[in-house]
Each structure stands twice: as C-alpha cells, then as structure tokens.
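Results of the structural survey
What follows is each chain in one-letter form.
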Amino acid sequence: MKMLQCVLGLSVATAVLAGADAGNYVESYDTIYNSLTIERNGSVVELRARSRRGEALESAVDLNDPLKLMVAYTRSLYAGVFFQPKPARVLMIGLGGAGFHRLFSAAYPDALLQSVELDPKVLELCETRLAFKPTAKTPVALTDGRMFVKRDKTQWDWIILDAFRGGFVPPHLKTEEYYRECAARLSDRGVFISNLHSGTELFHSDIKTIKTVFPQVVLFETAGRGNVIACAVKYRTPDMTKPENWGSVENSVAQVLAGRLDLVAIKEELMEIPAKQVAKARLLTDDFSPVEFLDAMKTNNTGPK
Amino acid sequence: MPLIAFYAIVVTLGILSMGFQMLGSRLLSPHFGSAIDVWACLISTFLAAFSLGSMLGGAISNFDPIVRRWSQYACAFAAFGSLLVTAVWGRALLGHIEVGFSSVLLGVLVACLALFFVPVAALSTFSPQCVHYLAQAGVAPGKGSGLVYGVSTLGNIAGVMLTTFVLIPNFRVSTLLYVWLAVAVLNLAALLRLLRTPDLP
C-alpha cells in the first residue's frame, strides 16, 4: 500500500527544487489531459506541455511585471483590436497560463473575459503558480470548448481559440461545423481569433475551413515560433483585409498597452494567405477531421530551450 | 468451408467490433467533446456489450438446433438493423440526445447505449457460437475457446489500428459507417452459412 501511495504520489507531482536560487523550482504534473512542467527561474514562471516532440511553451509570466506579454504569439492575439477595438465580452477557449489575461484586464477593466479550460490542473497551476485569480470579470469554466459554445448563448465581441491538448488540437475544435457554432455566438462586428501553427498540412486545411465560414480572414505571422494568428469576421464590408480599414484603439487603452504591446509591429506581421496551398487543402468537417495526422505539432512553439 | 475462411470470419468480427469504437469516438466528439469522461462511457458501453453478447451467445449455442438457428438470425438482424440506424440516423440522433439532456455525462451514456450497445452486443453473440462450432467439429472446448478468443482479439487489434491509421485519415466517418454495415452483412451471412453444418476437419 505504501509502495502504491509512493508511486501515485510520484505520478501526480514531482517537484525538484533547483536549490541554487531560493524560490526557484521545476515541477512536473501528469494530469488526465496533459503532461505539464512548471518552472520558476527568478521572477519568471513558465508553463510547458510535454509531447512526443518535446516541450511546448504554453505560457509564461514575469511575477515582477505581470502585464508583460512573455510569449510572442500572445502579443499577436491582440491583432483582434484592429477588427473590434472595443471588446466588451471576450471568450477565450484554452486558458493556458493566462498569459493573455492580465494585460487584457488592465486595458479593458470593464470587459468580461470568459475562459474555458478542460484541464482542472491547468486552472489550479494558474492560481497557485502563475498569479492568476479568476474574478467576476475573468471567470473560468471547466468544460470542453465546444460544449461551452453550444450551451452558452452570449454574443461575444472576440472569440479566441487557443486550445491544445498535449501539443495537439482536439479535432472537434477544428471543423467547419464548430466554426459555424462560433460564428453564431459572435456579435455582428465581432472577430474570431485562432492560434494556428504554420509549416504543417493542418495549417492550410485550417485556413480553408475558417474561410469557408467567415467571408474575411486576415493572417498575422508571429516571428520565430511558427505561430500564425488568424482573425476572421462574418461581415463583408468594409474590406478588413486592407489595413487602412482597421480600427484604432482608444487613447486610454493605448496608454495601458504602451510599452508592452507594439501595435505597429503586429500590423507588420500581416501575411498573405497561401492561396495555392489552401486551394489544394482538404476541408475539415465533423465527418472528416484527421487533425492528428495533419501533424499539428510539427512547428508548434516547441524549440530548444 | 476451409479452416482459413472460418478464422477470416472470426478476425473480421473482431475488426468490426473494435474498429467501431474508434468510429464511435469520432461520432461523439462534435456533440460531447472527447474528454476522458466520454471515453470512459464509450469503453464501458463496449465492454458491457461484449459481456452481455458473450453470455447471450453462450446460451444460444445450447439451444436446440431450430431455436438456435432462429436466434442466430435474430442476432444477425439486430446487428444489421442497429448498424443501419447508426449509419443513416446516427448524427441526427446524437443531435437530439445532445439537446435533450442537460447533463453531458448522462447524454453521452444515452448516446453510447443508443448507437453502440446493440450492434456490438449482437456481434459478440457469435463468438461463443464459433467456439461451439469448433467443439462440434471435434476441437477440445478449451482449445477451441482459446483459438476463437485469441483470433478475435487479433481482429480487435487490427480493427483499432486499421481504423485509426488508415480509414479515419482517408475517409469520411459517414462513409465508413456504411462500409461497416456492408462488411457486417457479408461476414454474418458467411458465418450463418458456416454455422449451419460443422464441416471442419
């Protein structure tokens, strides 16, 4: 029995104190959905998910400067401001390490930022290690992202899809039907934002599927890690593929973002839709979504540490 | 019928059963997600169907020949009918079940029972009858039982691997459900013919 308890204890949490610097640690957790590593080095805490191809950096926070966006693609998610500069209700599917949340709440203190997370351990780590506390303005629902969208009737100004499980995207969150369900929950001038990974066959199928549902899709390529942020709207005019038609943020918001988010740099991440490859790609539907085989992890934010 | 045909039928029964579980997960996920509770319900439903089907099949193999024959037809018809329902109305049924239950867990359980329990239980009734068939042909019961369940389990493995790595990446789930129906019809027709007279060496 003691042996069993010992094995269970080890499988649930392995904590190794680095020892050199007081307060530094590396902890590993095998949850029912993920293998997670959380590491503190000085004031920076990183959350990583292990997969067969290494560790993907999910999120990071500088505890001395919690508003700082530490992971490049979380900056690119803010491209949503070009399409809907005054989000009052935001739905984020996939909590990660809540790296996006702190700056958003500071910039839009009156906005609702609803998160949906499947893995309870991820929420627990956010609360205990990553200095994120859910509030009435930043609630977290522990459920499947598709179930939430189907059952919740709120109209959202931004819907951000950033859900990964062990490095892979659950197939049912990648289909035309799911994007239609998201579009139905998007306000008229809302924007659907999705974190995609370039360099995979899945990438082109993703874009094709999003374009099937949303008439206008704009891509932003995050430098370095292979992340591409797709912003999609359900209206046809004005032409949002032209930056001159993008909205600008209010001065009060811009002041909060200043120094932490370079909107000009994000504008420069604008990339062309790879039309040829997208035309050849297969549409993902509930009936056909071999997402795992289209190799979602190929250029995930996994990289040498 | 040569021995190899008998084992081909047994392997195909195994493929049909466990390959169907992988298809089932793809059918369920748009409606209920693919979290661990969905898999728990799905696997439990299949195991319950294997259990009930095996017990029922064991009982059928001891019936007198005429009742046994009609029971075999009934099981085959149940398998065809339920696979047909899943192929033709599966998605629509899942849509109704999804909105009909506020509890996701209860919805998944009902969906699994409605779509997967009957076909898998019906297919499972034939394994004990295959053992009975070998016993009638003079194979010792222990050896026959080991052969049938061993070969059938190899079919289970083939079903999981084939469905996961070949079929799902290349074909629509709806198409595969009709393939399952067609293969079940052919396989059970051959098996019913085989079970009529034991002619193995």
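Rules behind the numbers
- Residues numbered from 1 in each chain as written.
- Chains lettered and ligands numbered in written order.
- Predicted model: local features only at pLDDT ≥ 70, side-chain atom pairs only at ≥ 80, totals over all residues.
- Buried ≥ 20, exposed ≤ 12 C-beta atoms within 10 Å, placed from the backbone.
- Helix = DSSP H or I, 4+ residues; strand = E, 2+ residues; numbered from the N terminus.
- Pairing = 2+ DSSP bridges.
- Right-handed = clockwise from strand over helix to strand, strands pointing away.
- Axes fitted to C-alpha atoms, helices over the stretch in contact; angles between N-to-C directions.
- Parallel < 35°, antiparallel > 145°, perpendicular 65-115°, else oblique.
- Left-handed = near helix turned anticlockwise from the far one by under 90°.
- Contact = placed C-beta atoms within 7 Å.
- Domains from an automatic or database assignment.

Some remarks on the pairing of strand β7 (residues 112–117) of chain A
All names here are of chain A. Summarising burial for β7: five of the six residues are buried, a large majority. As paired strands, strand β6 (residues 89–93) and β7 are joined by five bridges and run parallel to one another. Within the sheet, the bridge partner assigned to Ile93 lies in β7 and is Val116. Once the chain exits β6 it traverses helix α4 (residues 101–107) before rejoining the sheet at β7, and the crossover so formed is right-handed.

Brief notes about the packing of helix α1 (residues 3–32) of chain B against helix α4 (residues 104–124) of chain B
Residues and elements named next belong to chain B. Where α1 meets α4, the closest approach of the two axes is 11 Å, and the angle between their N-to-C directions is 160°. Between α1 and α4, the crossing angle belongs to the class labelled roughly antiparallel. Our pair here, α1 against α4, has a crossing hand that is right-handed. When α1 is examined against α4, the residues Leu13, Leu16, Ser17, Phe20, Gly24, Leu27, Leu28 and Phe32 are found in contact with a partner set consisting of Val104, Gly107, Val108, Ala111, Leu115, Phe116, Pro119, Val120, Leu123 and Ser124.

What to know about the sheet that holds strand β8 (residues 140–142) of chain A
Reading across from one edge, β8-β7-β6-β9-β10-β12-β11-β13 (chain A) is the order of the eight strands in this open sheet, with mixed pairing throughout. The sheet is open, and its two edges are formed by β8 and β13 (270–271) of chain A, each paired on a single side.

Concerning the domain arrangement of chain A
All names here are of chain A. Per the domain assignment, the segments of chain A are domain 1 (2–62) and domain 2 (72–294). The C-alpha-based centres of domain 1 and domain 2 are spaced at 27 Å. Facing 17 residues of domain 1, the contacting portion of domain 2 comprises 15 residues. When residues of the side of domain 1 that touches domain 2 are traced back to their parent elements, those giving at least two are β3 (35–41), β4 (44–51) and β5 (54–62). For the side of domain 1 that touches domain 2, the element with the highest residue contribution is β5, accounting for five residues.

A short note on the pairing of β6 of chain A
All names here are of chain A. With four of five residues buried, β6 lies mostly within the body of the structure. One ladder, built from four bridges, connects β6 with strand β9 (residues 156–161); its direction is parallel. Residue pairing in the sheet places Met92 in a bridge with Ile160 of β9.

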